[in-house]
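The primary structure of each chain is shown beneath.
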Amino acid sequence: MKNLIIITAPSGSGKTTICKEIQKKENNIKFSISHTSRKIRPNEKNGVDYYFVTDEEFLDSIKKEDFVEWSFHFDCYYGTSKSQIQNSIDKKIPLLLEVDVKGALNIKKLFPKQTVSIFVEPPSLNELKIRLQKRGSDSNERIAKRLQRIEFELSHKSNFDFSIVNDKLEVATNKILEIIKNETKGVSYVT
Ligand code: ADP
Ligand code: 5GP
C-alpha cells in the first residue's frame, strides 16, 4: 500500500509551491516536516515549513540515528525523521515528502512498496534561473550552487514513477493530485 508520496525536483522548480497548493486543496494529506540547519526565510515558520535547528543539534540527531535520510547541500543540513515515516506507515496516513533528488532516491530504496515518486521539472533552464532570482531568498553565489546541481538532478528524472512539468501552477498541481489519488487507493485517509 502506497502512502509515502515523494515530490522531488531541481531546486527552484516549484516543489514547495506545489506542495502548499496540494495542502490547500487536500487537507487529508500530512506534510512531512524536515529538519534543517539553514536560516529561516521571512515567510517561513518553525515547526511548519521545517524544524529549524543548529548544526550542532542536527549532528546530534544524526548520531542518535533519528533520520531515515539526510543530506548536506547548499552549506546546510536537511533530513527526514524516522518517526514521521514510521507513524505514517503504521497508521496508513498519506505523507507528502518534499525532498531533493538524493533524498528521494534514498527513501524510494528504503521503502519501495510504500512509495510513489513524482519528479517536478521546470519548463526550461532559463525559467528556473528566473524563478530562483525572483524568489529572492538566495545570494547570486547560492543561486549558482543550486544551478550547479541541476544536471545531476535532471539526469535522475527517469528513476521516478512520474514526471510533471511545472509550467502553469494550477495545471501541474491538479496533475499531481490526480496521481496521488490514483496511487494511494486503499490508504485510510484521516478525517
Ligand atoms: P523549490 O521548492 O523547488 O525550490 P519554490 O516552490 O520555492 O521551488 O519555487 C521557486 C520560485 O518559483 C518561487 O518564487 C515560486 O513562487 C515560483 N514558482 C513556483 N511555481 C511557479 C510557476 N508554475 N510559475 C511561476 N513561478 C513559479
Ligand atoms: P530549501 O532550502 O529551498 O528549502 O531546500 C533545499 C533543498 O533541500 C530542496 O531541494 C528540498 O527539497 C531539499 N530538502 C528539504 N528537506 C529535505 C530532507 O529532509 N531531506 C533531503 N535530502 N532534502 C531535503
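For the structure itself, look to the data block above.
Below: a short report on this structure. (Residues numbered from 1 in each chain as written. Chains lettered and ligands numbered in written order. Predicted model: local features only at pLDDT ≥ 70, side-chain atom pairs only at ≥ 80, totals over all residues. Heavy atoms only, no water.)

Looking now at unusual backbone geometry. Unlike most non-glycine residues, E65 shows phi in positive territory, near 60°. Here E65 lies in the loop between helix 2 (55-63) and strand 5 (67-73). Look at E65 and you get exposed, because its relative accessible area is 55%. (Helix = DSSP H or I, 4+ residues; strand = E, 2+ residues; numbered from the N terminus. Buried < 20%, exposed > 50% of the residue type's maximum accessible area, 1.4 Å probe, protein only.)

Before going further, it helps to examine the sheet that holds strand 7 (residues 95-98). Sheet architecture is open: five strands sit in the order 2-7-1-8-9, paired in parallel fashion. At either end of the open sheet lies a strand with only one pairing partner, and these are strand 2 (30-31) and strand 9 (162-165). In the sheet, strand 1 (residues 4-8) pairs with strand 8 (residues 115-121) via five bridges, with the strands oriented parallel. Across the sheet, residue I5 finds its bridge partner in strand 8, namely V116. (Pairing = 2+ DSSP bridges.)

As for its position among the elements, S34 is in the loop between strand 2 and strand 3 (35-36). Beyond its immediate stretch of four places on either side in the chain, S34 contacts Y50, Y51, G79 and T80. (Contact = heavy atoms within 4.5 Å.)

Below, the discussion takes up the environment of L95. By the secondary structure assignment, L95 is in strand 7. Residues L95 and L4, spaced 91 residues apart in sequence, show a C-alpha to C-alpha distance of 5.1 Å. The residues touching L95, leaving out its near neighbours within four places in the chain, are N3, L4, I5, K30, F31, S32, Q84, I85 and S88.

In the neighbourhood of ligand 2, 17 residues make up the surrounding shell, with R38, Y50, E69, Y78 and D100 lying closest. Interatomic distance of 3.1 Å between a side-chain N/O atom of K15 and an oxygen atom of ligand 2. Between D100 and ligand 2, the recorded distance is 2.6 Å, taken from a side-chain N or O atom to a nitrogen atom. Comparing atom positions with the cavity grids shows ligand 2 to sit within the largest pocket. Of all the secondary structure elements, the ones that give two or more residues to the shell around ligand 2 are strand 5 and strand 6 (76-81). (Near = heavy atom within 4 Å. Polar contact = N/O pair within 3.5 Å; in protein donor to acceptor, adjacent residues only side chain to side chain. 1 Å grid on protein atoms, 1.4 Å probe; cavity = no way out; pocket = protein on both sides within 12 Å on 5 of 7 lines; lining within 4 Å. Sits in = over half its atoms within 2 Å of the grid points.)

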